[in-house]
Amino acid sequence: MKQNESGIGGAQLNRRGFLQASGGLVVAFSLFNATEIAVAEPAAGRSVASPPAGKLYAWLAVHPDNTATLFTGKVETGNGVLTALAQIAAEELDLPIDRLDVVMGTTSQTVDQGPSYGSMTVRYAGPQIRQAAAAGRQVLIDLAAKHFGVSSNQLVAREGTITILGSSDRSITYGKLVDGKRLDVDIGASGERFAMKVAPEARTKDPSTYTVVGKSVKRKDIPGKVTGEFTYVQDVKVDGMLHGRVVRPYGVESRLLSVDENGLKDIPGFVQVVRRENFLGVVAETEWGAIQAAEKLGSTLNPSGPDDGQAKWSNWNGLSPMDQIWDTLRQTAGINRSVASTGSVDIALASQSGGQVLKATYKTPFQMHGSIGPSCAIADVKSDRATLWSGTQMPHETRGDIAKILGIPLDDVELRWFEASGGYGRNGLDHSVADAAIMSQEVGRPVRVQWMRWDEHGWEPKGPPIVQDLLGIVDKDGNAIAWRHHMWVPTITDTHLIAPALIGKPDVTGITGTGATPVIRYVYTFDNTDVAVHDEGRVGLLTAWLRSPAQFETTFAMESFIDEMAVAAGQDPLAFRLAHIDDPRAIAVLKAAAEKYGWVSRPAGGKKLQGAGKPVQGRGIAWVNRDDVRVATIADVTVDPASGQIKVGRVVVAHDCGLVVNPDGLRNQVEGNVIQSLSRTLHEEVTFDRAHVTSRDWEGYPILRFSDIPDSIDVVLVNNTPQYPSYGAGEPATNPTAAVISNAVFDAVGVRLRQTPFRPERVKAAMG
Amino acid sequence: MPQNTTLNINGKDQAVSVEPDSMLIYALRNNLGLHGPRFGCGLGECGACTVVIDGEAIRSCITPVSTIGTSKITTLEGLGTVDNPHPLQKAFIQEQAAQCGYCINGMIMAAKALLDHTPHPSRDDIKEALDGNLCRCGTHMRIVRAIERAASQAE
Ligand code: FES
Ligand code: FES
């Protein structure tokens, strides 16, 4: 650890001055109230480049009042990672966590640590921050050694104060030591984003001594969020800002034929229409004015056709019929990838006799992220620079995308990050930044764009439909001997932005593909196996990753079909699974869930119903290995044969994500995953006609309500020990749910549900 | 055209200049800087924008300013602050009943109206009172627990 020539020197700034110098950007729980957040224009000439990862100040600032700020390129999306990362830093820094603020995402103040998705924040950014904080602590100790004229090993750091061992009256706070200076110290960094290594030489604590990591520290953001003091991106106000609304094409690829501006000038506050090729928007001095102008042009909940509003669109009908979407998917899949192959399923099929050959097809529909707050962004585009305010999950990437769209050098673009409504993947947030940038560029003033509900439901990128064929063989002695699972998965990594496509530059940003996204983790040990993905199908609507992309769906098929095999073999579904798994962590979560639940071994019921009888109970089990996290879920359901209604009773989840940073935060995530995935299982399906999405509000796209919540959700933590790293927990617990419910319904009423959502009509129809 | 109107908000009369047929949420958020009420759908379907008007939970996104008259409006800011939270807000903090938190304004304001009418609701009363409020993060179990906690601490 070397201090460079300038020591920790640099501009002497108090904390407030520091924040103002860095653009006035603050996170909501900090010192400022919402009205002060109105940010003046960025000082022209001020560098908005990201700080160098190898400098301590890129990660940490210590203020004269003995508080500190942690800077991270990762962002909060509601999962509690702000607090978790703060815990990791506070632990290494020996600073009380309530003295540590966190600045997230703002590109001029943070290092690009990769997007905040895929449950990868604590897992990958955690160690980077841990190293940086440990380096910071060492720098502070070294400063104190110089200050007292003693050697470093005579000093002890506790709660933000460094004391000479054995003389408790000789101590100094971090704030005094740093004395308002920037921590201009080289700590070293190599690699990029998720793979970046920071301060490789810094010595971190022995996890067995942790006092902050592993504690259910209360989340820093919640007090502000429950009092209205928190500042979401939707709350940010910029001086001179106009309000914009988009007017999207009637059909997904409709062309804009004409715009009749008649009457727009009569709308109070109306400023102008922004039209570029097929991009259409309006700006006004007031939000109400913008909404009214957009409505006149055709932005409404249920437009009757392409010429319903004063903007006329071409009649485009290129989407496949809704009930044929899975055929379209099979026909357009381009790339075949083998995931697992052992023995030969074909030979097993040909040679088996007297056993049972099971075949089934599982289907899942388009689903949406469905953020409660619609996408919103502000852009202030000048001829040579741009400032963006956004809640994107990928601030550094979005900054780059917008620079390309605008043709402004990256170093002159800054994205200031503020939290948005929960995103659960890639929703419309990035797209709204492009909308705002295009409108601001056109009108020469800052423009705030907020999507209307129908823009969000209609145009947010969707989680794609998936179809899966399964085949299994159970021999005459009840042994499972073969397993085939082929899945057709469309592009789930389509990062093209909507606005550039509309202005006629579709490929200036974005890629289409499935990338490295793992869509399944095959986990069983059958002798003959053939698991394959047929990738890259095209399904018409823009698609993007939705919480546990594709693996929610593939787990549904895999874990339901395992149950079908267990039924054919006449075996208890838990015992059947355990007999065909050799992963110790998987076995541990299955057993932990079973123990908590009080699982009694018996084959799944499959009782035949005697007419429309009384509600019947059943239980289901399923598990997943998602990104090295193991989750097993068991649930009780009650099925009402008269209505087809499924009521979920008790839910038990055993969760192994290694060392848990914040146990209550983790439970909050697991509960959230269970409820959201129950919603996706029971209720959710995007509807569309040949032109566009027709489920454009919460009536058209119902989600789970309080009347549907389970009676209880018990969470058991497995392998929560320092022996394991902290794997991410943002989404794994989503995966088992659809299979659990399908299996429980079979146990109750003997019908197998192979297509989500399990709405009452569908359940009733299945029961015949 | 915008007109000057006086609204009684959180116990104070406040003058705003807005179009009479514009919705209350925009006056609160944009003219008065009250960010507790949140825009979710603008269609009365999600509850994110809920305020309490004369004791009832009302959706400010579909309530024109012209219909308010002298009614008394309470927003989330009118309950308490981070430093001095209302018992409901305190209970939400104690139960850690938020993820993204975007829906929470609606949950607390609906609960406020419920508890004012029914100080000791059953779990089913709570679920019924909140059934029109959507939460996408799945914080429901904690929200119910927080309201039960607040109710159990009420006199
Ligand atoms: S925003 Fe008012 S009900 Fe959704
Ligand atoms: S906490 Fe995110 S929508 Fe409810």
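In this text the structure is predicted, and so the values were computed from the model without any measurement.

### Examining the overall build of chain B
When its secondary structure is counted, chain B shows 6 helices and 5 strands. Shown N-terminal to C-terminal, the secondary structure of chain B runs as helices and strands in the order β-β-α-β-β-β-α-α-α-α-α. For chain B, the C-alpha radius of gyration of 15 Å lies close to 15 Å, the compact-globule estimate for 155 residues. If one aligns the C-alpha atoms of chain B with their principal axes, the spans along those axes are about 45 × 30 × 25 Å. The proportion of buried residues among the 155 residues of chain B is 58%. Taking the intrachain contacts of chain B between residues at least 6 apart in sequence as the baseline, contacts between residues at least 24 apart amount to 56%. Only carbon and sulfur atoms are counted for the fraction: they give 47% of the accessible area of chain B, which is about 5700 Å².

### Here we look at the environment of A:Glu253
The residue A:Glu253 is located in the loop between β11 (242-246) and β12 (256-259) in this model. Placed 439 residues apart in sequence, A:Glu253 and A:His692 show a C-alpha to C-alpha distance of 9.0 Å.

### Regarding the interface of chain A and chain B
Chain A puts 68 residues into the contact, and the matching count from chain B is 55 residues. The contact between chain A and chain B buries some 5200 Å² in all, and 58% of this surface belongs to carbon and sulfur atoms. It is A:Val226, A:Trp288 and A:Phe706 in chain A that bury the most area against chain B; as a group they hold 17% of the surface buried on that side. Put simply, chain A and chain B have 6 salt bridges between them. Put simply, A:Asp664 and B:Arg142 hold a salt bridge, and the shortest N to O gap is 3.1 Å. Summed over the shared surface of chain A and chain B, the result is 32 residue pairs in polar contact (both at pLDDT 80 or more). Mapped by element, the contributors of at least two residues to the side of chain A that touches chain B are α5 (222-227), α6 (287-297), β21 (447-450), α11 (453-459), α16 (663-682) and β30 (712-717) of chain A.

### With respect to helix α2 (residues 81-93) of chain A
All names here are of chain A. Taking 1.5 Å of rise per residue, the 13 residues of α2 would be expected to cover 18 Å, and the 18 Å separating its terminal C-alpha atoms lies within 8% of that figure. Burial within α2 is extensive, with 13 of its 13 residues counted as buried. Directly after α2, the chain includes aspartate 94, whose backbone phi takes a positive value near 55°.

### Quick look at α16(A)
Look at α16(A): 28 Å from first C-alpha to last across 20 residues, which is about the 28 Å you get at 1.5 Å a residue. The buried fraction of α16(A) is high, at 18 of 20 residues.

### Considerations on the pattern of salt bridges
Summed over the entire model, instances satisfying the criterion amount to 48 salt bridges over all chains. Across the pair A:Asp714 and A:Arg650 runs a salt bridge, and its minimum N-O distance is 3.4 Å. Here A:Asp714 is found in strand β30, whereas its partner A:Arg650 is found in strand β29 (residues 645-656), with 64 residues between them in sequence. For A:Asp714, a relative accessible area of 23% gives the class partly exposed. Given a relative accessible area of 25%, A:Arg650 falls into the partly exposed group. For the salt bridge of B:Lys112 with B:Asp116, the shortest nitrogen-to-oxygen distance reads 2.7 Å. Note that B:Lys112 and B:Asp116 are positioned in helix α4 (residues 104-117) at a spacing of 4 residues, about one turn of the helix.

### Considerations on the pairing of strand β20 (residues 413-417) of chain A
Residue and element names in this part refer to chain A. Burial of β20 is extensive: 5 of the 5 residues sit out of reach of the surface. Judged by which residues are buried, β20 turns out to be covered on both faces: Val413, Leu415 and Trp417 on one side and Glu414 and Arg416 on the other are all buried. Following the backbone out of strand β19 (residues 386-390), through helix α9 (residues 395-406) and into the adjacent parallel β20, one traces a crossover that is right-handed.

### Concerning the side chain of A:Asn66
Residues and elements named next belong to chain A. As for its placement among the helices and strands, asparagine 66 is situated in the loop between β2 (60-62) and β3 (68-72). For asparagine 66, a relative accessible area of 8% gives the class buried. In this structure the side chain of asparagine 66 is engaged in a polar contact, spanning 2.9 Å, whose partner is the backbone nitrogen of glycine 175. In this structure asparagine 66 touches Leu95, Arg99, Gly160, Thr173, Tyr174 and Gly175, once residues within four positions along its chain are discounted.

### As for the domain arrangement of chain B
Interface extent is often summarised as the accessible area lost during association of the parts. Residue and element names in this part refer to chain B. Partitioning chain B into domains gives domain 1 (3-77) and domain 2 (87-152). A separation of 21 Å is found between the C-alpha centroids of domain 1 and domain 2. Taken together, the contact between domain 1 and domain 2 spans 19 residues of the former and 13 residues of the latter. Interface area, domain 1 with domain 2, both sides summed: about 1200 Å², of which 55% is carbon and sulfur. Along the contact surface separating domain 1 from domain 2 lie 0 salt bridges. In this assembly, domain 1 and domain 2 are joined by 9 residue pairs in polar contact (both at pLDDT 80 or more). Those elements that place two or more of their residues in the side of domain 1 that touches domain 2 are β3 (50-53) and β4 (56-59). Considering only residue class, the side of domain 1 that touches domain 2 consists of 9 nonpolar, 6 polar and 4 charged.

### What about the packing of helix α13 (residues 551-569) of chain A against helix α17 (residues 737-749) of chain A?
Residues and elements named next belong to chain A. Axis separation between α13 and α17 bottoms out at 7 Å; the angle between their running directions is 30°. With respect to each other, α13 and α17 are oriented roughly parallel. The chirality of how α13 crosses α17 is right-handed. In contact with Phe552, Thr555, Phe556, Glu559, Ser560, Asp563 and Val567 of α13, α17 contributes Ala738, Ala739, Ser742, Asn743 and Phe746.

### Looking at the sheet that holds β19(A)
In sheet architecture, strand pairing relies on hydrogen bonds along the backbone and comes in two forms, parallel and antiparallel. Residues and elements named next belong to chain A. The strand order across the open sheet built from 7 strands is β13-β14-β11-β21-β18-β19-β20, with neighbouring strands paired in mixed fashion. Each end of this open sheet is capped by a strand with a single partner; those strands are β13 (270-276) and β20. Here the strands of the sheet are splayed against their neighbours by 20° on average, with no regard to which way each runs. Sheet topology places β13 next to strand β14 (residues 279-284); 6 bridges connect them, and they run antiparallel. Counterpart to valine 274 in the pairing with β14 is glycine 281. Most of the contacts of helix α10 (residues 429-443) go to strand β18 (residues 376-381), to which it runs at about 35°, and overall it touches β11, β13, β14, β18, β19 and β21.

### With respect to the sheet that holds strand β17 (residues 356-364) of chain A
All names here are of chain A. Sheet architecture is open: 5 strands sit in the order β16-β26-β23-β22-β17, paired in mixed fashion. Each of the sheet's edge strands pairs with one partner strand only, and the pair in question is β16 (335-342) and β17. Here the strands of the sheet are splayed against their neighbours by 10° on average, with no regard to which way each runs. The sheet contact formed by β16 and strand β26 (residues 528-537) spans 7 bridges and is antiparallel. Bridge pairing in β26 places isoleucine 335 opposite aspartate 535. Sitting on the sheet, helix α7 (residues 325-332) is in contact with β17, β22 (466-474), β23 (480-490) and β26, with an inclination near 80° to β22. Set on the sheet, α13 makes contact with β17, β22 and β23; between it and β17 the angle comes to about 155°.

### As for the environment of A:Trp326
All names here are of chain A. Counting through the fold element by element, tryptophan 326 comes out in helix α7. With a relative accessible area of 6%, tryptophan 326 lands in the buried category. With 268 residues separating them along the chain, tryptophan 326 and alanine 58 place their C-alpha atoms 48 Å apart. Setting aside chain neighbours within four positions, we find tryptophan 326 in contact with Lys363, Thr364, Pro365, Pro465, Ile466, Val467, Glu685 and Gln755.

### Concerning the packing of aromatic side chains
Residue and element names in this part refer to chain A. The full count for this structure, using the stated rule, is 15 aromatic pairs over all chains. Look at tryptophan 483 and tyrosine 524: their rings are 6.3 Å apart centre to centre, the planes differ by 50°, and that puts the pair in the tilted class. Of the two residues, tryptophan 483 is situated in strand β23 and tyrosine 524 in the loop between β25 (512-513) and β26; the sequence distance between them amounts to 41 residues. For the pair tryptophan 483 and tyrosine 524, one class covers both residues: buried. Through pairs of rings, three or more aromatic residues link up here, namely Tyr117, Tyr124, Phe194 and Trp545. When the ring centre of tryptophan 599 is taken as reference, the NZ or CZ atom of arginine 619 above it lies at 3.4 Å. Its end group placed over the ring of phenylalanine 746, arginine 752 keeps NZ or CZ at 4.5 Å from the ring centre.

### Digging into the nonpolar core
For soluble globular proteins, nonpolar side chains are generally found buried alongside one another. In terms of nonpolar packing, the biggest core is built from 150 residues, with A:Trp483, A:Ile741 and B:Phe92 touching the most fellow members. Excluding residues that lie within four positions of it along the chain, A:Ile741 makes contacts with A:Ala635, A:Val637, A:Ile646, A:Val648, A:Leu678, A:Thr681, A:Leu682 and A:Phe758. Residues A:Met104, A:Leu143, A:Leu177 and A:Met196 belong to the second largest nonpolar core, which totals 94 residues.

Calculation rules
Residues numbered from 1 in each chain as written. Chains lettered and ligands numbered in written order. Predicted model: local features only at pLDDT ≥ 70, side-chain atom pairs only at ≥ 80, totals over all residues. Heavy atoms only, no water. Helix = DSSP H or I, 4+ residues; strand = E, 2+ residues; numbered from the N terminus. Rg over C-alpha atoms; globule rule 2.2 N^0.38 Å. Buried < 20%, exposed > 50% of the residue type's maximum accessible area, 1.4 Å probe, protein only. Contact = heavy atoms within 4.5 Å. Areas by Shrake-Rupley, 256 points an atom, 1.4 Å probe, with all protein chains shown as cover. Buried area = accessible area lost by both parts, 1.4 Å probe. Salt bridge = Lys/Arg side-chain N within 4 Å of Asp/Glu carboxyl O. Polar contact = N/O pair within 3.5 Å; in protein donor to acceptor, adjacent residues only side chain to side chain. Expected span 1.5 Å × (residues − 1). Right-handed = clockwise from strand over helix to strand, strands pointing away. Domains from an automatic or database assignment. Nonpolar A, V, L, I, M, F, W, Y, C, P; charged D, E, K, R; others polar. Axes fitted to C-alpha atoms, helices over the stretch in contact; angles between N-to-C directions. Parallel < 35°, antiparallel > 145°, perpendicular 65-115°, else oblique. Left-handed = near helix turned anticlockwise from the far one by under 90°. Pairing = 2+ DSSP bridges. Phe/Tyr/Trp six-rings, centres within 6.5 Å; stacked < 30°, edge-to-face > 60°. Lys NZ or Arg CZ within 6 Å of the ring centre and 35° of its normal. Core = buried A, V, L, I, M, F, W, Y, C linked by side-chain atoms within 4.5 Å.

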